[in-house]
Amino acid sequence: MCVGWAADVVAMSDSRLATRRLPRVSWLTWLTKEWDPIVRRSLLLICAVIVIGTAGYTWIEGWTPWEGLFFTLVTLTTVGYGDYGLSEAGERFTAVLMIGGIGTVSFMASQLVHSAMARATKPERRMMQYARHMQGHFIVCGLGRTGRRVVETLDAEGATVLAIDIDPRKVEAARDRGIVALEGDATSDEVLEMAGIERAIGLAAVSASDPANAMICLTAHAIAPDVAFTARACDAAAVEKLKRAGASGVVSPTSYGGDGIAQNMLRPEVAKLLFGMCDGGGSLSFAEVAVGEGSPMVGKSVKQLGEDHPRIVFVASRLNGGELVMRPAPGERLGAGDVLVVAGTPIDVGRLKATRLAA
């Protein structure tokens, strides 16, 4: 039992990201490719207005380029440093510049504000877009030490994972590791629906609060009752309450941690096999193998499968949608939808899984 969940009681180690030297780019490449298009267009537009204003005053009034530039800036910023003795043509040009230039500056300012707001919300929108296209995924509610370990283990197994946490720093850290993570309250219907709870395989409520985990299970069960829910129990007294809230499995990290220590003291060799798997150092691996439609396993007996994989131990089976039976009989034949619980070395288990998926 500890095999699937003992990893929850192990603190996640800090990941160290390798630094990379950034390539050198020219200022023109940086301006045209690195900057946001809206910012780039706004800056080019205001520069064009300033150039037109400077050239206009230089041509119409016969001023030097500096005088034309200075008066253009005075006009656009509405400072107004006295009378410059403009000609009638210059006054007309100034009127056009004031209307067009100030309008351009106002438009540029609004575009810059809009761009800044869009950039601030862009990561969240991207995560929401990923979530909308997810199907057959696992949802992990809570990104504390336990939640991060669950995400890490699921991701290492090749599962599709989506994490939810209310702490923006934890969400950002998960995104930096390539995990699809949403910032929000997992007890909210809207957040769970955004995470695709109706399309998920399972949900883990692993926050540091038993009441919060119970509320997550209740809310999720009301939306998608067919999804498998697993909850973390910080207090052993909360186990039954979480089951009543809809959790099909409840895990107490304290109990598993204590069991592991006791097993190491009483039966150290057994502990090396079983609990060693929690930190990846064990030589024994348990796996759940589901027989799908068209799998080469369909029609084979447990004995035949054992002959093909002699190093695999068949621990239990669930055949024809019945109860889980320990040590399936050698003559039992496998069909689509059957489930086998097997044990063996990680390599042997991997070969059995590859057989299941082979065409």
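Residues numbered from 1 in each chain as written. Predicted model: local features only at pLDDT ≥ 70, side-chain atom pairs only at ≥ 80, totals over all residues. Heavy atoms only, no water.

1. So, the pairing of strand S4 (residues 202–205)
Stage number 1. Burial along S4 is two-sided: Gly202 and Ala204 facing one way and Leu203 and Ala205 facing the other are all buried.
Stage number 2. With four bridges joining them, strand S1 (residues 138–141) and S4 adopt parallel strand pairing. Following the sheet pairing, Cys141 is matched in S4 by Ala205.
Stage number 3. Here S4 pairs with strand S5 (residues 228–232) via four bridges, running parallel. Bridge pairing in S5 links Leu203 to Phe229.
Stage number 4. The parallel pair S4 and S5 is bridged by helix H9 (residues 210–223), and the resulting crossover is right-handed. (Buried < 20%, exposed > 50% of the residue type's maximum accessible area, 1.4 Å probe, protein only. Helix = DSSP H or I, 4+ residues; strand = E, 2+ residues; numbered from the N terminus. Pairing = 2+ DSSP bridges. Right-handed = clockwise from strand over helix to strand, strands pointing away.)

2. Structural notes on the pattern of salt bridges
Stage number 1. In the structure shown here, the tally under the stated rule is five salt bridges.
Stage number 2. We note a salt bridge from Glu152 to Arg149, for which the minimum N-O separation is 3.5 Å. Highlighted residues: Glu152 and Arg149, both in helix H6 (residues 145–156), separated by three residues, approximately one helical turn.
Stage number 3. For Arg311, the salt bridge is made with Asp348, and the minimal N-O distance between the two is 2.7 Å. (Salt bridge = Lys/Arg side-chain N within 4 Å of Asp/Glu carboxyl O.)

3. A closer look at a negative patch on the surface
Stage number 1. Judged by side-chain charge, Asp189, Glu190, Glu193 and Glu198 come together as a negatively charged surface patch.
Stage number 2. Looking at the element boundaries, Asp189 is found in helix H8 (residues 189–194). (Patch = residues over 30% accessible without salt bridge, like charges linked within 9 Å, V, L, I, M, F, W, Y side chains within 5 Å. Areas by Shrake-Rupley, 256 points an atom, 1.4 Å probe, with all protein chains shown as cover. Lys, Arg positive; Asp, Glu negative; His and termini not counted. Charge placed at Lys NZ, Arg CZ, Asp CG, Glu CD.)

4. Quick notes on the layout of surface pockets
Stage number 1. Its boundaries defined by the atoms lining it, the second largest pocket holds a volume of some 250 Å³.
Stage number 2. Taken together, 21 residues form the lining of the second largest pocket, with Gly142, Asp165, Ile166, Ser207 and Ala208 sitting closest to its centre.
Stage number 3. Elements represented by at least two residues in the lining of the second largest pocket include exactly H6, strand S2 (161–165) and H9.
Stage number 4. In terms of residue count, the dominant contributor to the lining of the second largest pocket is H6 (three residues).
Stage number 5. Taken together, the residues of the lining of the second largest pocket sort by class into nine nonpolar, seven polar and five charged. (1 Å grid on protein atoms, 1.4 Å probe; cavity = no way out; pocket = protein on both sides within 12 Å on 5 of 7 lines; lining within 4 Å. Points joined across faces, edges and corners; volume = space filled by probe spheres on them. Nonpolar A, V, L, I, M, F, W, Y, C, P; charged D, E, K, R; others polar.)

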